[in-house]
Structures are given as structure tokens and as C-alpha cells.
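The primary structure of each chain is shown beneath.
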Amino acid sequence: MRIMKFDSKIKALVVEVMQKSRCQQYTPETLCKIQKIIETQYFYYWSMDMKKEEYAADLFTKDFVYNCFGEQDISGEAQAMRSKYVNRNMCTMHMSHQPLIWLIDETNARGIFLYEDHHTYKGSENDTVQNCSVYCDDFRLCEDGLWRISRMRVAFRKMDGHFKETDPPEGWEPKSIDPWTPAAEMQKEQCPENK
């Protein structure tokens, strides 16, 4: 078990969201925006646990920035495929709690999510990895009307166990990819009232 020092820059952003979200005034419209932002984050976790990590690629903006133990130069699609590689030999459980969303303006928001996971490697060893962390993510309302993650920040607070493999080897391809209709197209097909 390792207790991790809270990244001071991420901690300052978390405190800012706490303060700003507390001062917001709510309307039915803003509550609907907040719910769509929370669903975007939760869809990310569900994609991991249902072994549909490739679905997460549609959750990120084209200029997506990933920050986990420092800023990493990786696209949203590459991050989704990295997750598919890391998760491939595990039974994963991603759990997120106590979201607070700060609506910065009409098209930008920042959300904080207390996060826990419990992952068990398949096979004879049955090693487990358990983490507690905080996600502090920026969201942007895109032209197709969907909220996407523009910046994902993960600050690990406690780690028990360790991930065996975190970077896919050169040329690694998943055994299968489930075809996915991008969310904007799916909304038009399945939710005609949202056109």
C-alpha cells in the first residue's frame, strides 16, 4: 500500500471547482447540462468495465490532453487503446463518487470525481490492483451538441498493488474491436427528439 502525495496543481483545481460549483445558480437547463457532463465521465468508466474501451475514443476532443503522473502526449483514441491493452487480462471495477461540476461558461466545464477501482488479474495468481484517486477533467460542448473531455487529470492518492503492463508493445492490436456508431449519429437514430 502506498500513500501518494496529492499533486498540488491538481489539488488547487479541485478546490477551485468546489468553491465555484457551490456558488452556481441552477436552472432546469443547467441541471441537464451537468447531468450530460456526469454521463460523459461515467460512460468512460463503463466502457472500461464492459471491455468496450474503444467506445471511449468518442468521448475526447481532438485537442485532448491527458495528465497522469505528468502530462502525456497521447490522443484520445490512443488512450482508449492503451486502456484496452492494460485491461485485457483483468476483471475491472471502476467506481466514481461525489461529482461536482463547475459550468465555467456556455461551452466549458470542469468536473471533479472521487474515484476508486478494484482490478483482479485473471489466471492463477489473481493479483489485485486497488487505487483511490481524484479525476479533475475539463469538458467542452462540441459542435454536434455533445459534451466531450478536453483534458483528463488523474491524481492518485493511494495505490495497493501494481499494474503489470501499462504500455502496449509496438504493433499491438486488440483481438477484436466492437463496431461503434459515434454518439452523434446514434443520438440522431435513437433519440429523434434530440435532432
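Residues numbered from 1 in each chain as written. Predicted model: local features only at pLDDT ≥ 70, side-chain atom pairs only at ≥ 80, totals over all residues. Heavy atoms only, no water.

**Q** Can you help me understand the side chain of Gln 79 in this one?
**A** Tracing the chain through its elements places Gln 79 in helix α3 (residues 76–87). Leave out the neighbours within four places in its chain, and Gln 79 touches Tyr 44, Phe 64, Tyr 66 and Ile 74. (Helix = DSSP H or I, 4+ residues; strand = E, 2+ residues; numbered from the N terminus. Contact = heavy atoms within 4.5 Å.)

**Q** So what exactly am I meant to see when it comes to the pattern of salt bridges here?
**A** A side chain with one charge may pair with a side chain of the opposite charge, provided their charged atoms come close. Evaluated as defined, the whole model comprises 14 salt bridges. Two residues, Glu 71 and Arg 151, come together in a salt bridge whose shortest N-O distance is 2.7 Å. With Glu 71 in strand β3 (residues 71–72) and Arg 151 in strand β8 (residues 147–160), this pair connects stretches of sequence that are 80 residues apart. Judged by relative accessible area, Arg 151 falls into the partly exposed class, the value being 22%. Here Arg 148 and Asp 144 are joined by a salt bridge, their closest N and O atoms 2.9 Å apart. Residue classification places Asp 144 among the partly exposed residues on the basis of a relative accessible area of 35%. Each of Glu 16, Arg 110, Asp 138 and Arg 153 takes part in one network of salt bridges that share partners. (Salt bridge = Lys/Arg side-chain N within 4 Å of Asp/Glu carboxyl O. Buried < 20%, exposed > 50% of the residue type's maximum accessible area, 1.4 Å probe, protein only.)

**Q** Looking at this structure, I do not really get the packing of aromatic side chains. What am I missing?
**A** The description of two aromatic rings rests on the distance between their centres and on the angle between their planes. Overall, the coordinates contain 13 aromatic pairs when judged by the stated rule. Summarising the aromatic geometry, the rings of Tyr 44 and Phe 60 are spaced 6.1 Å apart at their centres and angled 70° between planes, so their arrangement reads as edge-to-face. Residue Tyr 44 is located in helix α2 (residues 28–49), and its partner Phe 60 is located in strand β2 (residues 60–68); the two are separated by 16 residues in the primary sequence. One exposure class covers both Tyr 44 and Phe 60, and it is buried. (Phe/Tyr/Trp six-rings, centres within 6.5 Å; stacked < 30°, edge-to-face > 60°.)

**Q** Any chance you could explain the pairing of strand β7 (residues 128–141) here in plain terms?
**A** As a general feature of sheets, a regular strand has side chains that alternate between the two faces. Across 13 bridges, strand β6 (residues 108–121) lies against β7 in antiparallel orientation. Bridge pairing links Asn 108 to Arg 140 in β7. Joining the antiparallel neighbours β7 and β8 is a turn of 5 residues, in which Gly 145 adopts a positive phi near 90°. (Pairing = 2+ DSSP bridges.)

**Q** Sorry if this is basic, but what is going on with the side chain of Asp 117 here?
**A** For Asp 117, the location among the structural elements is in strand β6. Look at Asp 117: it is buried, it has no salt bridge, and the nearest opposite charge is Lys 158 at 10 Å. Within the local environment of Asp 117, its side chain forms a polar contact with the backbone nitrogen of Asn 131, the two atoms lying 2.8 Å apart. Those residues in contact with Asp 117 that sit more than four places away from it in its chain are Met 93, His 94, Met 95, Val 129, Gln 130 and Asn 131. (Lys, Arg positive; Asp, Glu negative; His and termini not counted. Polar contact = N/O pair within 3.5 Å; in protein donor to acceptor, adjacent residues only side chain to side chain.)

**Q** Looking at this structure, how should I read the environment of Ser 75?
**A** Relative to the helices and strands, Ser 75 resides in the loop between β3 and α3. Distance in space between the C-alpha atoms of Ser 75 and Ala 12 is 25 Å, their sequence separation being 63 residues. A polar atom in the side chain of Ser 75 sits 3.0 Å from the backbone nitrogen of Ala 78.

**Q** Mind showing me how you'd approach the environment of Ala 155 here?
**A** Note on placement: Ala 155 falls in strand β8. If sequence neighbours within four positions are ignored, Ala 155 has contacts with Phe 6, Ile 10, Ser 133 and Val 134.

**Q** Is there a simple way to think about α3 in this case?
**A** Each α-helix turn comprises 3.6 residues. Residues three or four places apart therefore point the same way. Between its first and last C-alpha atoms α3 spans 16 Å; for 12 residues at 1.5 Å apiece the expected length is 16 Å, and the two agree. Within α3, 9 of the 12 residues are buried, leaving the element largely enclosed by the surrounding structure. Of the positions making up α3, those classed as buried are Gly 76, Gln 79, Ala 80, Arg 82, Ser 83, Lys 84, Tyr 85, Val 86 and Asn 87. Along its buried surface, α3 packs onto α2, β2, β3 and β4 (90–91). (Expected span 1.5 Å × (residues − 1).)

**Q** Is there a simple way to explain a nonpolar patch on the surface in this structure?
**A** Nonpolar side chains collect at one region of the surface, where Val 15, Met 18 and Leu 100 lie side by side and expose about 220 Å² of accessible area between them. As for its position among the elements, Leu 100 is in strand β5 (residues 94–103). (Patch = residues over 30% accessible without salt bridge, like charges linked within 9 Å, V, L, I, M, F, W, Y side chains within 5 Å. Areas by Shrake-Rupley, 256 points an atom, 1.4 Å probe, with all protein chains shown as cover.)

**Q** Please clarify how unusual backbone geometry should be interpreted in this entry.
**A** Working note: non-glycine residues mostly have negative phi, and peptide bonds are mostly trans. A positive phi is found at Lys 51, a non-glycine position, where the angle reads about 60°. Inspection of the secondary structure assignment puts Lys 51 in the loop between α2 and β2. Owing to a relative accessible area of 26%, Lys 51 belongs among the partly exposed residues under this scheme. Positive phi outside glycine occurs at Gln 98, with the angle close to 50°.

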